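Close look at the chain arrangement
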Amino acid sequence: MISALFIITVMFTMSCTKSFLETESTSSIDQQVMFKDTKTALMAINGIHRIMYDKGNYAPKMGYQYYMLWMDFLGEDLVYTKSNAQFMTETNWTRHRDPVSQYPRHIYEFLYKIIANANMVIENIDAAEGTQEERDYVKGQAIFYRGFAHFAAVQLYGSRYDRAGNNTQDGIVLRLASTTEPLARSSVEDVYTSVNDDLDEAIDLLSGVTFNRTTKMHINVHVARAIKARVLLTQGKWLEAAAMAKLVVDNSGATMDKSCYDYKQGRCTDAGNKEWIWAKIAQPELETATLFNFYSYISNTNISYNRNTPRAIYNQLYKKISSTDVRKQLWVENVKTSSKLVYPPGGNRYKWMSQKFIVDYPVNSSTSYSGAIITADLALVRLPEMYLIMAEGYARGSRETDARSALYVVAKDRDPAYTMSTNTGESLIEEIMFQRRVELWGEGFRFLDLKRLNLPLDRGPAPRAGYNQGGAVNGWKSNSEPTNLDPLASNFNMYEEQPIGELSRSVPAGDIRWQWVIPQLEISYNPLCKQNPL
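Because the structure is a prediction, the values reported are computed rather than measured. (Residues numbered from 1 in each chain as written. Predicted model: local features only at pLDDT ≥ 70, side-chain atom pairs only at ≥ 80, totals over all residues. Heavy atoms only, no water.)

What to know about unusual backbone geometry
Here the residue pair Ala-59 and Pro-60 is connected by a cis peptide bond, since its omega of 5° sits within 30 degrees of zero. Mapped onto the secondary structure, Pro-60 falls in the loop between α2 (38-51) and α3 (64-73). For Phe-87, which is not glycine, the phi dihedral falls at a positive 70°. Inspection of the secondary structure puts Phe-87 in the loop between β1 (78-80) and α4 (88-91). Phi at Cys-268 is positive, roughly 60°, even though this residue is not glycine. Taking the relative accessible area as the measure of exposure, Cys-268 reaches 9% and is therefore buried. (Helix = DSSP H or I, 4+ residues; strand = E, 2+ residues; numbered from the N terminus. Buried < 20%, exposed > 50% of the residue type's maximum accessible area, 1.4 Å probe, protein only.)

Re the pairing of strand β2 (residues 276-280)
Of all five residues in β2, five are buried; the element is thus mostly enclosed. Relative to strand β6 (residues 378-382), β2 runs antiparallel, the two being bridged by four bridges. Across the sheet, Ala-279 pairs through a bridge with Ala-379, a residue of β6. (Pairing = 2+ DSSP bridges.)

Here's the deal with helix α8 (residues 221-234)
Counted at 1.5 Å a residue, the expected span for α8 with its 14 residues is 20 Å, and the 20 Å between its end C-alpha atoms agrees. With a side-chain oxygen lying 3.1 Å from the backbone nitrogen of His-222, the N-terminal cap of α8 falls on Asn-220. In the segment just after α8, Gly-236 is the residue with positive phi, at about 75°. (Expected span 1.5 Å × (residues − 1). Polar contact = N/O pair within 3.5 Å; in protein donor to acceptor, adjacent residues only side chain to side chain.)

Concerning the pattern of salt bridges
Scanning all chains against the criterion turns up 32 salt bridges. Here Glu-90 ties to Arg-95 by a salt bridge, and the two come within 3.0 Å at their closest N and O atoms. A single burial state applies to Glu-90 and to Arg-95, both of which are buried. Residue Arg-327 is joined to Glu-439 by a salt bridge in which the shortest nitrogen-to-oxygen separation is 2.9 Å. Remark: Glu-439 occurs in helix α13 (residues 425-439) and Arg-327 occurs in the loop between α10 (315-318) and β4 (331-332); sequence separation between them is 112 residues. Here Arg-327 falls in the buried class, since its relative accessible area comes to 0%. Exposure remark for Glu-439: the relative accessible area of 0% places this residue in the buried category. (Salt bridge = Lys/Arg side-chain N within 4 Å of Asp/Glu carboxyl O.)

Looking at the environment of Glu-385
Within the fold, Glu-385 resides in helix α11 (residues 383-396). On a C-alpha basis, the gap between Glu-385 and Ala-229 in space is 9.9 Å, while along the polypeptide they are 156 residues apart. Setting aside residues up to four positions removed in sequence, Glu-385 forms contacts with Arg-230, Arg-436, Leu-440 and Phe-445. (Contact = heavy atoms within 4.5 Å.)

Side note on the packing of helix α6 (residues 132-157) against helix α7 (residues 188-207)
Running from amino to carboxyl end, α6 crosses α7 at an angle of 155°, the nearest separation of the two axes being 8 Å. As judged from the angle between their axes, α6 and α7 are roughly antiparallel. Every pair of crossing elements has a handedness; the one defined by α6 and α7 is left-handed. Within the contact of α6 with α7, the residues separate by chemical class into 12 nonpolar, five polar and five charged. (Axes fitted to C-alpha atoms, helices over the stretch in contact; angles between N-to-C directions. Parallel < 35°, antiparallel > 145°, perpendicular 65-115°, else oblique. Left-handed = near helix turned anticlockwise from the far one by under 90°. Nonpolar A, V, L, I, M, F, W, Y, C, P; charged D, E, K, R; others polar.)

Section: empty space enclosed by the protein
Counted under the stated rule, the structure contains 10 cavities of 30 Å³ or more. What the largest cavity holds in volume is close to 240 Å³. Within the residue set of the lining of the largest cavity, elements represented by two or more residues are α3, α6, α8, α11 and α14 (446-452). For the lining of the largest cavity, the class distribution of residues is 12 nonpolar, three polar and six charged. (1 Å grid on protein atoms, 1.4 Å probe; cavity = no way out; pocket = protein on both sides within 12 Å on 5 of 7 lines; lining within 4 Å. Points joined across faces, edges and corners; volume = space filled by probe spheres on them.)

Things to note about the confidence of the model for the chain
Any residue range with low pLDDT should be treated as having predicted coordinates unsuitable for detailed reading. Across the chain, the average pLDDT comes to 90, with 92% of residues at or above 70. Here residues 4-18 is modelled with pLDDT under 50, and outside its nearest four sequence neighbours on either side it reaches 56 contacts, counting other chains as well. Within the model, pLDDT remains below 50 along residues 22-28, and this stretch shows 34 contacts once partners closer than five positions in the same chain are excluded. (pLDDT = per-residue confidence, 0-100.)

This is the structure in structure tokens:
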């Protein structure tokens, strides 16, 4: 069955470095050798890190990077400007409902591959030679990854967690041991109990580790607490989530650092930023193919794919951003008049297109630009998210003074004209969620936020009859400014004469499409695993 087919097989070349912390992962070797000591066992952990962004057999399969992109393409804030080969069916809400499609199956397989590898480490590390601290470091990371992958899976394949209780609905298959036996899906409640147990144990093990990790790709106690805060927020345990996020804020050493928004190569793509807590670190020598990394589909300066299909921000969100907010420059409304629009030579330019992720910095007038830099570091956890979890948790948990204080840290750092909020009740929550949408745009949160809060998808009103829908006419594709735009319309599907995905412009809360279907291969190999409603 899919959820039990994976063993440690990965990934980099064999390493014989002297330092325990510098050990890289290895190709497939015997378990007895792998777990002889903590140094070789750490190769298995580094192998799991590699699974997080290992490319599949066909674009855009690329592990957790694909997961993150999909979560935003299912939302409304990241707009698909022009039809192209990739991500159309994800955006249309059809691909994740296809039990035989290889693409959602890739998501399922990569998550259970992490789980299977983590279980193998957990079951063998206690007997490995080395210090107890080294064993705790290896085991803590493995247990973290098992909880992390189960959490990522249940948010897709299970129905939303209801904080009111009665979460007896089907969740996912829990794999807590290296077994290939058929297993039924556990309840959503049992899955979250297991996830929290794993993260609690990881926190306990990693909190006793005194040496520093050598890369932000590795898991430390602050990463484990950050993901625990996400889990608690998803469960609606508001004050517990806020308290866990505060531990990260107070102890991680991360600080607010808006230098990532500077107008430069590497904008929002550099793990050296002081806000970054957990990251995928670019491996240019391994990530040599285009269309197999996050930035091939999100960075409008990437020459390979986004030259023709720029990404844009939802215009109804953009217009609410203050003109004094440094983040406003991350998207360009008037592409004809902007002096700071960066795009590949010959690339399409569309209103509200993104400038958030600049991997390579093309000279727009150049005819020889090759787009040689195709990958970069990728943030998985940043400090502002923790402040926003604090703010949301406190606000929903009736501690509004604390909520306003947490919100102020992020909002003031981004907008020097911002003053302490005086909002209360739903208005305060709405302000916090607005800041969350702007701050975390394109980082893989929107679908999950809508689902956990039981909100509908609303991509806004289509242009009314008599207004310019878009496409080749009236300058949408050229450098001229489109005319006769509907001032009330959303820019979702505004860019083409025949808009795509109209059926997914609105999806009611609770619709069966909020649940991904289980891959048919899992059902075939594991007859105890029941399919979601089709």
